[in-house]
Amino acid sequence: MDYIEEEILAKIGAKIVSRRKQLNLTQEDLAYSADIDRTYVGYVENGKQNITISMLVKFANALDLVLKDFVSWVFTDLSSYSFPFLSLASLQGSGKRPK
């Protein structure tokens, strides 16, 4: 895993912790609501677990967040990095696919 991937996972985890605490939920509460294991919640919150889109959806739903806003919230914190896959507007009409 490279540095940027580690940063992304750390930011996702930090945002989950922040929102969970804002809602006064424990990890157990969040795990129950998202129908996932509590240890998995801990790994994700600590940035130690890669996370799938389906799991992001579960976390977003349990934390009463819109997935698009949650992902945008994470990547706003990483705005100093370049993420070409997030700027698909530049590909409109070009017939090219992101690499």
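Residues numbered from 1 in each chain as written. Predicted model: local features only at pLDDT ≥ 70, side-chain atom pairs only at ≥ 80, totals over all residues. Heavy atoms only, no water.

A. The side chain of R20, seen in detail. Residue position: R20 is located in helix 1 (residues 3-22). Overall, R20 belongs to the buried group, its relative accessible area being 9%. Not counting the four nearest positions on each side in its chain, R20 is found in contact with L25, T26, Q27, L30, E45 and L63. (Helix = DSSP H or I, 4+ residues; strand = E, 2+ residues; numbered from the N terminus. Buried < 20%, exposed > 50% of the residue type's maximum accessible area, 1.4 Å probe, protein only. Contact = heavy atoms within 4.5 Å.)

B. View of the packing of helix 2 (residues 27-34) against helix 4 (residues 53-62). One way to put it is that helix 2 packs onto helix 4 with a least axis distance of 9 Å and a crossing angle of 115 degrees. Between helix 2 and helix 4, the interaxial angle falls into the category roughly perpendicular. With respect to the hand of their crossing, helix 2 and helix 4 are arranged in right-handed fashion. Here L30, S33 and A34 of helix 2 come into contact with helix 4, specifically with K58, F59 and A62. Residues of the contact of helix 2 with helix 4, tallied by class, amount to four nonpolar, one polar and one charged. (Axes fitted to C-alpha atoms, helices over the stretch in contact; angles between N-to-C directions. Parallel < 35°, antiparallel > 145°, perpendicular 65-115°, else oblique. Left-handed = near helix turned anticlockwise from the far one by under 90°. Nonpolar A, V, L, I, M, F, W, Y, C, P; charged D, E, K, R; others polar.)

C. Spotlight on the layout of surface pockets. Approximately 330 Å³ is the volume found for the largest pocket. Secondary-structure elements contributing two or more residues to the lining of the largest pocket are helix 1, helix 4 and helix 5 (67-76). For the lining of the largest pocket, the residue count by class is 12 nonpolar, two polar and one charged. (1 Å grid on protein atoms, 1.4 Å probe; cavity = no way out; pocket = protein on both sides within 12 Å on 5 of 7 lines; lining within 4 Å. Points joined across faces, edges and corners; volume = space filled by probe spheres on them.)

D. The arrangement of the nonpolar core in detail. One finds I12, I16, L30, I36, V44, I51 and F59 to be the most contacted residues of the largest nonpolar core, which totals 19 residues. Where this core is concerned, the elements lending two or more residues are helix 1, helix 2, helix 3 (38-45), helix 4 and helix 5. Broken down by element, the residue count for this core peaks at four residues, all from helix 1. Ignoring sequence-local partners within four residues, the contact set of I51 consists of L9, I12, Y40, V44, L56 and F59. (Core = buried A, V, L, I, M, F, W, Y, C linked by side-chain atoms within 4.5 Å.)

E. Quick look at the pattern of salt bridges. Enumeration over the complete set of coordinates arrives at two salt bridges. For R20, the salt bridge goes to E45, with nearest N and O atoms at 2.6 Å. Placement of the pair is R20 in helix 1 and E45 in helix 3, with a sequence separation of 25 residues. Pair check on accessibility: R20 and E45 agree, each one buried. For E28, the salt bridge is made with R38, and the minimal N-O distance between the two is 3.9 Å. Linking E28 in helix 2 with R38 in helix 3, this pair joins segments that are 10 residues apart in sequence. On the basis of relative accessibility, which here comes to 48%, the residue E28 falls in the partly exposed class. (Salt bridge = Lys/Arg side-chain N within 4 Å of Asp/Glu carboxyl O.)

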